[in-house]
Amino acid sequence: MELLADVALLPGEERIIDKDLIYMCPFNGALKGKVFITNYRLYFRSTDTESTVTLDVPLGNISRIEKMGGASSRGENSYGLDITCKDMRNLRFALKQEGHSRRDLFGEIFKYAFPLSHGQPLFAFLSQEKFEENGWNVYKPMDEYRRQGLPNERWRISFINSNYELCDTYPTILVVPFKATEEDLRRVATFRSRCRIPVLSWIHRDNQAVIMRCSQPLVGMSGKRNKDDERYLDIIREANGTTKLTIYDARPNVNAVANKATGGGYEGDDAYQNAELVFLDIHNIHVMRESLKKLKDIVYPNVEESHWLSSLESTHWLEHIKLVLSGAIQVADKVSSGNSVVVHCSDGWDRTAQLTSLSMLMLDSYFRTFRGFQVLLEKEWIGFGHKFASRIGHGDKNHADQDRSPIFLQFIDCVWQMTKQFPTAFEFNEHFLITVLDHLYSCRFGTFLYNCESVRENYNVRAKTVSLWSLINSSTSIYMNPFYTAESSHVLYPVASMRHLELWVNYYIRWNPRIRHQILSQNCEILSQNCEILSHNCEKLSHNYETLGHNCGILSCI
Amino acid sequence: MLSLGGGGAKSSKPSFVSYITPEEIKSEKEPPKKERHPNLLPGEVVFCSADPILKHTQDDVSQRGIFGTLLCTNFRVSFVSDETPLEETGSNLGDLISLQMLFCFVVYDEKRKMITGGMLKNKYPSKMIIHCKDLRVFQFCLTFTKEEDARKIFHGIAHHCLEPKSLKCVFAFSYAVSRSPEMQRSQRTVMFDSKEDWAQEMKRTKGNCRIVTENEGFKLSTRLPKYFIIPSSVTDEDLFKFQGKGLPIWCWSHHSGCALFKASTLPVPQEDGVIQRYMERMLDAAAQTHLYSLKIEDLSETLPTVQDIQQSYAKFKQFFLIDNSTDFWVSDVKWFSSVENTGWMDIIRKCLQKAVEVVECLEKENTNILIMEEEGTDLCCVISSLVQIMLDPHYRTLTGFQGLVQKEWVAGCHAFLDRCNHLCQKDKESPSPIFLLFLECVWQLVQQHSPAFQFSETYLTVLSDSVHVPVFSTFLFNSAYQRESTLKAESQHPQRGPLNCPAVWDWSVQFDCKAQELFLNPLYADKLKQDKVLRKVPRPKHQRQLSLPSSAFKTPPKKGFFKDETESLKKMLRVKRISRWMASPDSPAANTREFYEAWQRRPLDHHGLLLPWLDGPAVRLWMQRYLRWIPEVQILGGGPVAVTNKMAELLVQVQELRKKLDLKGCWQPEAERVQLQPRPLALARNSLRLSSAFPFASSRNWTFKPVIPTSLLQSLMLTDKLASQEDETTEVISLV
């Protein structure tokens, strides 16, 4: 009989191999048990009857797998596999030393965890899952722009990129100034890194100020200028009568200067006379990656106790969060006071995406709703080409790839910090955010696969895979925030001070059973229970009331 | 508008901008010249006042100020604005500066001088900065008032707030005399000042000790309550032997029969062994309470000293006494390590840890516990109260908690007068925020297990403030003896009527009903609701309490058995190390881990055993208390109050519907009615969005600018080559 035959598999999931081994749990010690591998997951269950420990890890989570110990190494449980996961944990399995017992297991995991390195398809293309709702319909660019009141007399929809000819990493539908011709756009594209021209992300309904996103100008060492680019930015400024356009360069000043050496740079004062340039001092993808690595060191497997705060500080993780948030606050503040802004970093797909989407979250309550947030991710991250494939390394064995970086995780962390500060302003809960992050790595859905729309279209992702939103929107209740209070008009400014920022324990330290998991696991149940009782009572009462009224009506008729 | 310098002609740097020029004020102010006073309390007398004084408005980003009159009374320093006061929104709990100031800074020629009393220069101060004990900071500019007035108000404040004074001069006494008797309290809190209260408490916990009435006239000891409880087998002879020192004072009994005792330590054992034999008899008596078992813990050996605690808090509070935005953002960079380096959070963790260890002995091993300390009224109070809160859900209710404070702290003779330094004594040894430390520990429990507590964090914050409001008798004395003798002496004063000193628990003295609603936790998991849930999912009774394996004392109480125990205790006494029961001192966490994990595995019962989480991220900063006055950290429309608001909204909805049904006369089911607490909070109807500092600091206007951090890159100056690396190392930008 098959091991662990009772475990339900996903449609399209197939068992590959199973094995008896020992899971070296950092919290409960060595646990004997059984493991099986499918083309989607690694599943382990301990055989100890007293308290069963299970592991259910999508293979997409694995960033690296290594053999530990050799056939001759001494010591108990020294021979086996060491698996590094993308979700802040490591898994160690010990096997019998005799007869190369780990060879086949290692081989299969390696093959199915990194299918792209073996010429195999990602699991998302094999999944046969069916859901009530089709998540691919969540985001329709035209609907979203129409919701924002676009096009209007100053802003038009351009189809210049419908075949990805202008810019291969941009979506097909772009919103640009009405006054700018297609020819203008083409000329501007020559002066922007990877042709990522300034396009509209969001427009303020009342004051018509806009958030534009783009990549750095190709100024270079010689300080090149481009009249078309200068004029284009001026058209943007004019569109709502802003006297000075603010350009937010997400990078630290020195980095922007250094970029000149590779042909990039920033908008100089003399070239862009009606613009002011502000550097937001957010560091690059490499710094963020190293910071998260340090964070993992202090939270996994053991959490530093007496020097917790200073160790946390030394990772700088929250300090980076603070910088990103305070950048977004500045953008949101500028826009809500009626000034249009342009946001860019180097290529406009990492820090830029963080800044535009966070400031939109502050400015527009629609994005704080359950569906609105999905639209925000689809638009600012997936649509505008955040390089998910490179940053996450889906199905790719090269774990040391310098392009990998937790930029999206950092953004979700910022969102979480906002939900902590405004516990009633977001329709979704923490569980929703964690689910999104889990499927960022899992490769079960097509949502976060590949670097940009054009590649996604090549692989026919929308037709061949299931969207994450299909899963989420088919069972919404577990993702809802019971305290959500719909409020539309206000801008939410979080406080970007270390006094308020805290480590997202429920995500980063969730594997450690000894750590107290904040509100969600403990109190939320009771909170939502209370809420449910209340709203249930409300419903019942109003129902009673209605029937009463109805009865009274009948009585009076008689 | 005019820029105003700090010290007149000398300074060139404007420190703030006023709305109006000094000339304008004069012309405006002179004709009517009416006295402006706050509503004075009964017995409150104005000592001196000065105007116009410019109060720097801290919560205004534009660094402006308001003009008004500064007064110093025998109760407070008060500032009355000239401008018509803005309509108050919401109920702000604190709006007076209590006379209990920490320090007063004076600015001469833009240089700061700290005034701690007695060292006043006869110079004209330009600015006065006041740091309050509740961590508010006020800045007053004195340059607009007459030099003489400025000097007078400044001297007045410094004298009345910072100079040592006698107990008789505390405002509570003048207040108590003048207070009208109809303000009589409605008392539900057990005060533990009568024999009946103690008897009732022993009955409630099924304790089997005896009540001592011999101290009614404080003949036995002035450091013990009028009534207290000791193990039954302590003889009358021993009772009087060392003025109550070393007596195991009963605190609480566990349902298994074992009990928690506290004791003060006796002086160094003399050669003749009298004290040793006495101590052995005491330990013997305590052990006899249940199963001849006893564990002893000398808190002074394992916890920080009273002075350590004072020093740590002194460092800690400095980080919250912030008077300008620049300092705020500079200190933000190294915030975590700064907080950690004060050691305050670690002290909290240690106290909670110690309490868990004691809880484990009572709950798991069912042994009697005796905690000891020099006086037995500082850390003993902290630990014994924490243990009781963790084990006994009664103390997690509002009145239960107040009873506990009465029992362990007020009746238990914690030296509030000295520890809180109400009389501004210069003695460096005695002041220490022990009671605050206890509230901090309770707050940790509240934030970790909020549904288990009937009271809110706002209640704890208000209570921590009230310690320094010199109106109540509760926290005014060092002992029950001092309380009784002082009140008696003051009442016999010929010019005075009978004293009518309120207890702090009479919250209506400070707050109206609306404000008091904020003391209750809307998410408190009521016993009633719990039962309902339990009925749905049947669970074995007393699961949490009884299912722990009691590994320690399974041996039947044989005759010779306890002898061995005392024998070894005796040895320990000789080497002056009474406590050694927590195995290796270097890893106390490892020892309690098993107990912890057993507790974690069981389903959470808010009315059962409650343990704190002690890992790094779980022990947190009491944001409401420490950050409430700092404008930079206020979250507008956010913070925990947003949730409370939402809950209140739902409650109101339910009630309205119910009312409608009542009107129709068709709504009867009584059973359902009890389920919901009819307690719609006042703030529910407030359409205005509140800031996270509610109900303390007043909310700013909504049309505000966000706070944008400055000095961001200070610590992030990465020398790393990573920082200068290109985002995309693999590709080179194609130059056009």
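About the cut-offs
- Along each chain, residues carry numbers from 1 onward, in the same order as the chain's sequence is written.
- Chain letters start at A and ligand numbers start at 1, both assigned in the order the entries are written.
- Local features in this predicted model are restricted to residues whose pLDDT is 70 or higher, and side-chain atom pairs enter the listing and the counts only when it is 80 or higher, whereas totals over whole chains, interfaces and linings include all residues.
- For the side-chain quantities, the full set of heavy atoms in the structure was used; hydrogens and water were omitted.
- UniProt positions are given in the numbering used here, feature names are shortened, and annotations may be inferred rather than shown by experiment.
- Numbering of helices and strands starts at the N terminus; helices are DSSP runs of H or I of at least 4 residues and strands are runs of E of at least 2.
- Our radius of gyration is a C-alpha quantity, and the globule rule it is checked against amounts to 2.2 Å times the number of residues to the power 0.38.
- Two residues form a contact once any of their heavy atoms are found within 4.5 Å.
- Shrake-Rupley sampling with a 1.4 Å probe provides the accessible areas, and residues are treated as covered by the protein chains on show and by no other component.
- Of the grid points, spaced at 1 Å and generated over the protein atoms alone, those admitting a 1.4 Å probe that cannot get out make up cavities, while open sets with protein on both sides within 12 Å along at least five of seven lines make up pockets; any residue with an atom within 4 Å of a point is treated as lining.
- Grid points are joined across faces, edges and corners, and a volume is the space filled by probe spheres set on the points.
- Note on residue classes: Ala, Val, Leu, Ile, Met, Phe, Trp, Tyr, Cys and Pro are nonpolar, Asp, Glu, Lys and Arg are charged, and everything else, Gly too, is polar.
- The split of the chain into domains comes from an automatic or database domain assignment.
- One requirement defines pairing of two strands: DSSP has to find at least two bridges between them.
- Inter-axis angles, ranging from 0 to 180 degrees, are taken between N-to-C directions of lines fitted to C-alpha atoms, where helices are fitted over the stretch in contact.
- Type-normalised accessible area, obtained with a 1.4 Å probe on protein chains alone, sets the label of each residue: buried when under 20%, exposed when over 50%, and partly exposed for intermediate values.
- A 3.5 Å cut-off defines polar contacts: any pair of N or O atoms within that distance qualifies, except that in protein one atom must be a possible hydrogen donor and the other a possible acceptor, and neighbouring residues in sequence count only when both atoms are side-chain atoms.
- Whenever Lys or Arg places a side-chain nitrogen within 4 Å of a carboxyl oxygen from Asp or Glu, that contact is recorded as a salt bridge.
- Picture the helix axis, draw a direction to every C-beta atom, and the arc is the one those directions span.
- Only Phe, Tyr and Trp rings are paired, with Trp represented by its six-membered ring, and only when their centres lie within 6.5 Å; those with planes under 30 degrees apart are stacked, over 60 edge-to-face, the remainder tilted.
- Counting as a charge over the ring demands two things of the Lys NZ or Arg CZ atom: a distance within 6 Å of the ring centre and an angle within 35 degrees of the ring normal.

Chain B is annotated in an unreviewed UniProt entry as Myotubularin-related protein 12 of Astyanax mexicanus. Under the heading Sequence similarities (unreviewed entry), UniProt records this for chain B: "Belongs to the protein-tyrosine phosphatase family. Non-receptor class myotubularin subfamily."

Looking at an unreviewed UniProt entry, one finds chain A named Myotubularin, with Astyanax mexicanus as its source organism. Per UniProt, chain A has the following entry under Sequence similarities (unreviewed entry): "Belongs to the protein-tyrosine phosphatase family. Non-receptor class myotubularin subfamily."

Engineer: Residue-level account of the overall build of chain A, with values.
Structural biologist: Of regular secondary structure, chain A possesses 18 helices and 14 strands. Here the C-alpha atoms of chain A give a radius of gyration of 26 Å, agreeing with the 24 Å that 2.2 N^0.38 yields for 558 residues. C-alpha extents for chain A along the principal axes are approximately 90 × 75 × 50 Å. Considering only contacts within chain A whose residues lie at least 6 apart along the sequence, 70% involve residues at least 24 apart. Roughly 20500 Å² of accessible area belongs to chain A as shown, and the carbon and sulfur atoms make up 49% of that amount.

Engineer: Provide a residue-level description of empty space enclosed by the protein, including the pertinent values.
Structural biologist: Think of a ball as big as a water molecule: rolled over the atoms, this probe shows where empty space is left. According to the stated counting rule, one finds 10 cavities of 30 Å³ or more in the structure shown. Of the voids in this model, the second largest cavity is the one considered here, and its volume is about 330 Å³. Elements represented by at least two residues in the lining of the second largest cavity include exactly α7 (308-315) of chain A together with α10 (335-341) of chain B. A breakdown of the residues in the lining of the second largest cavity according to their chemical character gives 15 nonpolar, 3 polar and 3 charged.

Engineer: Tell me what's going on with the domain arrangement of chain A, and back it up with residues and numbers.
Structural biologist: In terms of domain boundaries, chain A breaks down into domain 1 (15-120), domain 2 (135-509) and domain 3 (518-557). The centre of domain 2 of chain A, based on its C-alpha atoms, is set 41 Å off from the matching centre of domain 3 of chain A.

Engineer: Go over the sheet that holds strand β6 (residues 80-85) of chain A with me, naming the residues and quoting the values.
Structural biologist: All names here are of chain A. Across the sheet, which stays open at both edges, the 7 strands sit in the order β4-β3-β2-β1-β7-β6-β5 with antiparallel pairing between neighbours. Because the sheet does not close on itself, it has two edges, and the strands there are β4 (54-58) and β5 (62-68). Each strand of the sheet is rotated relative to its neighbour by a mean of 30 degrees, with strand direction disregarded. Here strand β1 (residues 15-25) pairs with strand β7 (residues 90-94) via 2 bridges, running antiparallel. Counted as the bridge partner of Tyr23 is Phe93 from β7.

Engineer: Tell me about the UniProt feature "binding site: substrate" (unreviewed entry) in chain A, and name the residues and values.
Structural biologist: Residues and elements named next belong to chain A. UniProt annotation of "binding site: substrate" (unreviewed entry) refers to Asn284, Ile285, Cys345, Ser346, Asp347, Gly348, Trp349, Asp350 and Arg351 when read in the numbering used here. Spatial clustering of the annotated residues is evident: they stretch over 68 residues in sequence, but the largest pairwise C-alpha distance comes to 12.4 Å. When you line up the elements, Asn284 lands in the loop between β13 (275-279) and α6 (285-299). Among the residues examined, Asn284 registers a relative accessible area of 1% and is labelled buried. Polar contacts involving the side chain of Asn284 include one to the main-chain amide nitrogen of Val287, which spans 3.0 Å.

Engineer: Break down the UniProt feature "active site" (unreviewed entry) in chain A for me, citing the residues and quoting the values.
Structural biologist: Residues and elements named next belong to chain A. Listed under "active site" (unreviewed entry) in the UniProt record, and renumbered for this structure, are Cys345. Mapped onto the fold, Cys345 is located in the loop between β14 (341-344) and α9 (351-363). Of the residues examined, Cys345 reaches a relative accessible area of 1% and is grouped as buried. Setting aside chain neighbours within four positions, we find Cys345 in contact with Cys214, Ser215, Gln216, Asp249, Ala250, Arg251, Asp350, Arg351 and Thr352.

Engineer: Please set out the sheet that holds strand β15 (residues 294-298) of chain B residue by residue, giving values where relevant.
Structural biologist: All names here are of chain B. Strand order in the open sheet formed by 4 strands is β13-β14-β16-β15, with mixed pairing between adjacent strands. Two strands lie at the open edges of the sheet, namely β13 (249-253) and β15, each paired on one side alone. On average, each strand axis in the sheet is tilted by 20 degrees relative to the strand beside it, whichever way the strands run. Here helix α12 (residues 379-391) sits on the sheet and contacts β13, β14 (259-264) and β16 (368-373); the angle it forms with β16, its principal contact strand, is near 150 degrees.

Engineer: Would you mind going over the pattern of salt bridges in detail, with residue names and values included?
Structural biologist: Counting across every chain of the model gives 61 salt bridges over all chains. The residue Arg371(A) makes a salt bridge to Glu133(A) at a minimum N-O spacing of 2.9 Å. Here Arg371(A), found in helix α10 (residues 370-383), pairs with Glu133(A), found in the loop between α1 (103-113) and α2 (141-147); they are 238 residues apart in sequence, far enough to count as distant. Under the relative-accessibility criterion, Glu133(A) is labelled partly exposed at 22%. Residues Arg223(B) and Glu375(B) are paired through a salt bridge, measuring 3.4 Å at the closest nitrogen-oxygen approach. You can see Arg223(B) sitting in the loop between β11 (210-212) and β12 (228-230) and its partner Glu375(B) sitting in the loop between β16 and α12, a full 152 residues away along the chain. The exposure class of Arg223(B) is partly exposed, given its relative accessible area of 27%. Sharing partners across several salt bridges, the network here consists of Glu183(A), Asp184(A), Arg186(A), Arg187(A), Asp228(A) and Arg231(A).

Engineer: Tell me about helix α4 (residues 195-204) of chain B, and please be specific about residues and values.
Structural biologist: Residues and elements named next belong to chain B. Considered for burial, the residues of α4 that qualify are Asp197, Trp198, Glu201 and Met202. Buried residues along α4 cover an arc of 130 degrees about the axis, so they all sit on one side. Every exposed residue of α4 that faces more than 90 degrees away from the buried side is listed here: Glu196 and Lys203. Where α4 terminates, the next one or two residues include Lys206, which has phi positive at roughly 55 degrees.

Engineer: Can you break down the environment of Leu460(B) residue by residue, with the values?
Structural biologist: Here Leu460(B) lies in helix α16 (residues 457-466). Counting along the chain gives 71 residues from Leu460(B) to Ile389(B), while the straight-line C-alpha distance between them is 14 Å.

Engineer: Explain the packing of aromatic side chains residue by residue, including any values.
Structural biologist: Given two aromatic rings, one states the distance between the centres and the angle between the planes to describe the pair. A complete count under the given rule lists 73 aromatic pairs over all chains for this structure. Centroid distance Phe320(B) to Tyr626(B): 4.9 Å. Interplanar angle 35 degrees. Geometry classified as tilted. Placement of the pair is Phe320(B) in the loop between α8 (306-318) and α9 (325-333) and Tyr626(B) in helix α23 (residues 623-627), with a sequence separation of 306 residues. The exposure class assigned to Phe320(B) is buried, which follows from its relative accessible area of 1%. The exposure class of Tyr626(B) is buried, given its relative accessible area of 1%. A ring pair is formed by Trp409(B) and Phe438(B), whose centres lie 5.2 Å apart and whose planes are at 35 degrees; its orientation type is tilted. Linking Trp409(B) in helix α13 (residues 398-410) with Phe438(B) in helix α15 (residues 434-448), this pair joins segments that are 29 residues apart in sequence. According to the relative accessible area criterion, Trp409(B) is buried, its value standing at 0%. Note on Phe438(B): relative accessible area 0%, which makes it buried. Cation over ring: Arg89(A) sits above Trp511(A), and NZ or CZ is 3.5 Å from the ring centre. Over the ring of Trp629(B) we find Arg136(B); its NZ or CZ atom is 4.8 Å from the centre of that ring.

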